[in-house]
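Spelled out, the chains give:
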Amino acid sequence: KEQKQGIVDLLIKARPNSDLARSMKNLPGQASYFSVVTARETLPLAASVSMIIPRRDRKTYLNYLNFFETQLSEKLLTADERLQQTNSVQQFFAPLKSQVNKGHLDAFVQLVSTPSKKFALIGGIKVAPSSNLPAALLDMVNRVEKNPDNKARIFTNAETVQGIGLHQLQPDVKNADDRQRRFLGGVPSLYVGADSEVIWFAMGTEIAVAALNEAIERIHTATPEERKVQRTAPFQFEFHIKPWLQLFSEAEISESEIMKILDGIFTSENDLVLITTQPTETGVRSRFQFDEGYLKLLGVSIGKQFDRNQERRARRNRERGQKRDALPQPNP
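Everything numeric here is computed off the predicted structure, so don't read it as measured data. (Residues numbered from 1 in each chain as written. Predicted model: local features only at pLDDT ≥ 70, side-chain atom pairs only at ≥ 80, totals over all residues. Heavy atoms only, no water.)

1. Examining the layout of surface pockets
Then step 1. Within this model, the largest pocket holds a volume of roughly 690 Å³.
Then step 2. Residue lining of the largest pocket: 28 residues in total, with Phe-92, Phe-93, Leu-96, Ile-125 and Ile-199 positioned closest to the centre.
Then step 3. Mapped by element, the contributors of at least two residues to the lining of the largest pocket are helix H2 (55-76), helix H4 (88-102), strand S3 (104-113), strand S4 (119-126), helix H5 (133-146), strand S7 (189-194) and strand S8 (198-204).
Then step 4. The leading source of residues in the lining of the largest pocket is H2, at six residues.
Then step 5. For the lining of the largest pocket, the per-class residue count stands at 24 nonpolar, two polar and two charged. (1 Å grid on protein atoms, 1.4 Å probe; cavity = no way out; pocket = protein on both sides within 12 Å on 5 of 7 lines; lining within 4 Å. Points joined across faces, edges and corners; volume = space filled by probe spheres on them. Helix = DSSP H or I, 4+ residues; strand = E, 2+ residues; numbered from the N terminus. Nonpolar A, V, L, I, M, F, W, Y, C, P; charged D, E, K, R; others polar.)

2. A short note on the pattern of salt bridges
Then step 1. Scanning the model with the defined rule gives eight salt bridges in all.
Then step 2. The residue Glu-257 makes a salt bridge to Lys-304 at a minimum N-O spacing of 3.8 Å. Residue Glu-257 is located in helix H11 (residues 257-265), and its partner Lys-304 is located in helix H12 (residues 292-326); the two are separated by 47 residues in the primary sequence.
Then step 3. Note on Glu-257: relative accessible area 53%, which makes it exposed.
Then step 4. Using a relative accessible area of 31% as the deciding quantity, one classes Lys-304 as partly exposed.
Then step 5. Through salt bridges that share partners, Glu-81, Asp-139 and Arg-143 make up one connected network. (Salt bridge = Lys/Arg side-chain N within 4 Å of Asp/Glu carboxyl O. Buried < 20%, exposed > 50% of the residue type's maximum accessible area, 1.4 Å probe, protein only.)

3. Some details on the pairing of strand S5 (residues 153-161)
Then step 1. Judged from the six bridges that link them, S5 and strand S6 (residues 164-170) form a sheet pairing that is antiparallel. For Ile-154, the partnering residue across the bridge sits in S6 and is Leu-169.
Then step 2. Linking S5 back to S6 in an antiparallel pair, the connection comprises two residues, with Gln-162 at a positive phi of about 50°. (Pairing = 2+ DSSP bridges.)

4. Concerning H2
Then step 1. Under the 1.5 Å per step criterion, the end-to-end length of H2 is 32 Å for 22 residues, consistent within 8% with the ideal 32 Å.
Then step 2. Taken together, the buried positions of H2 are Arg-58, Leu-62, Leu-65, Glu-69, Ser-73 and Leu-76. Summarising the axial view, the buried residues of H2 lie within an arc of 75°, below the 170-degree limit, and thus occupy one face. Residues of H2 that are exposed and angled more than 90 degrees away from the buried face: Arg-56, Lys-59, Tyr-64 and Lys-75. (Expected span 1.5 Å × (residues − 1). Arc of directions from axis to C-beta.)

5. Thoughts on the sheet that holds strand S10 (residues 272-279)
Then step 1. Spatially, eleven strands are ordered S1-S11-S10-S9-S2-S3-S4-S8-S7-S6-S5 in an open sheet, and the strand pairing comes out antiparallel. Each edge of the sheet is formed by a strand with only one pairing partner; in this case those strands are strand S1 (6-13) and S5. The sheet shows a mean angle of 15° between the axes of neighbouring strands, taken without regard to direction.
Then step 2. Both S4 and S8 contribute to a ladder of six bridges, which runs antiparallel. (Axes fitted to C-alpha atoms, helices over the stretch in contact; angles between N-to-C directions.)

6. What to know about the pairing of S7
Then step 1. The element S7 is largely enclosed, with a buried count of five among its six residues.
Then step 2. Pairing of S6 with S7, which is carried by four bridges, proceeds in the antiparallel orientation. Bridge pairing in S7 links Gln-168 to Tyr-191.
Then step 3. Counting the residues that bridge the hairpin from S7 to S8 gives three residues.

7. Considerations on H11
Note: α-helices contain 3.6 residues per turn, so residues at a spacing of three or four share the same orientation.
Then step 1. Of all the positions in H11, only Met-259, Leu-262 and Ile-265 are classed as buried. For H11, the angular spread of buried residues about the axis comes to 135°, placing them on one side. In H11, the exposed positions angled more than 90 degrees off the buried face are occupied by Glu-257 and Gly-264.

8. Thoughts on the nonpolar core
If you look at soluble globular proteins, the nonpolar side chains tend to sit buried side by side.
Then step 1. By size, the foremost hydrophobic cluster in this structure holds 25 residues, and its most contacted members are Phe-34, Val-37, Ile-122, Trp-200, Leu-212 and Ile-219.
Then step 2. Taken together, the elements giving at least two residues each to this core come down to S3, S4, S6, S8 and helix H7 (206-220).
Then step 3. Of the residues forming this core, the biggest block, seven residues, is contributed by H7.
Then step 4. Other than its neighbours up to four places away in sequence, Val-37 contacts Leu-43, Phe-108, Gln-110, Ala-215, Arg-218 and Ile-219.
Then step 5. Membership of the second largest hydrophobic core comes to 20 residues, among which are Phe-92, Val-127, Met-140 and Ala-194. (Core = buried A, V, L, I, M, F, W, Y, C linked by side-chain atoms within 4.5 Å. Contact = heavy atoms within 4.5 Å.)

So, in structure tokens, the structure goes:
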């Protein structure tokens, strides 16, 4: 009660020398390239991973990458180009494979609330440094545009963020539906780009580009002290409810009893749900942390349920009394 938080720990204890025990020993977190942007108060939804990949699992990851590389090569390259060791698909996947061989999986994805109160999806995947990566991605996007199966409108270098060219893949849809307008502000596009060590992406309207630009700038300008602040959990999931409520007008909130309760309880300081998973000495622990707003919501829910039970009991008593009054009274 001092911290005004609710915490639920789920502990899994592994048998000594079991497969689970050995796997858990290989699950510690590692400093993330994206650490300065993986914990912000205005994120409606966010997930990040920064973990050491067990040696026996690296082969599995590499097999997946090889499969996708082969599939893309067959769709985008000619037979002669596939024989070349310097084709764009090979140069795109090479730093991904190198990163897996290093044994560090480092990525993040976030649903960001923008100043316009609309959402944008942004994220990044860390790869081994490669000066060929931006050009390889550009060539692949150009080939996708020329592919006869392509149904999207593609604009290469449509936007630039922090010196990184973003290529826009726009769906062949003219009008946004109600959900797209409410959540994203219009028909969403996919933006993808790369520098020498990260593959970046964003999804949404033009506000998604601004959100990604802000995140990259924050990473590039972070001080050594800010980078030292690291969460030790290799897996992290974060949820804030207040940005979701801001999608609705005051009139819409006032028409719904549930919405009025939520809007009255939650603020930007008490709406966090944080889920982290990390190894322990004997297994793995998942921690579910709830801010004070959810404890208040639990109390309000219990109180309202108690009131409803009391009302039902009083109503039943009144109905029983009315039935007794309706029965014929015995003569004295």
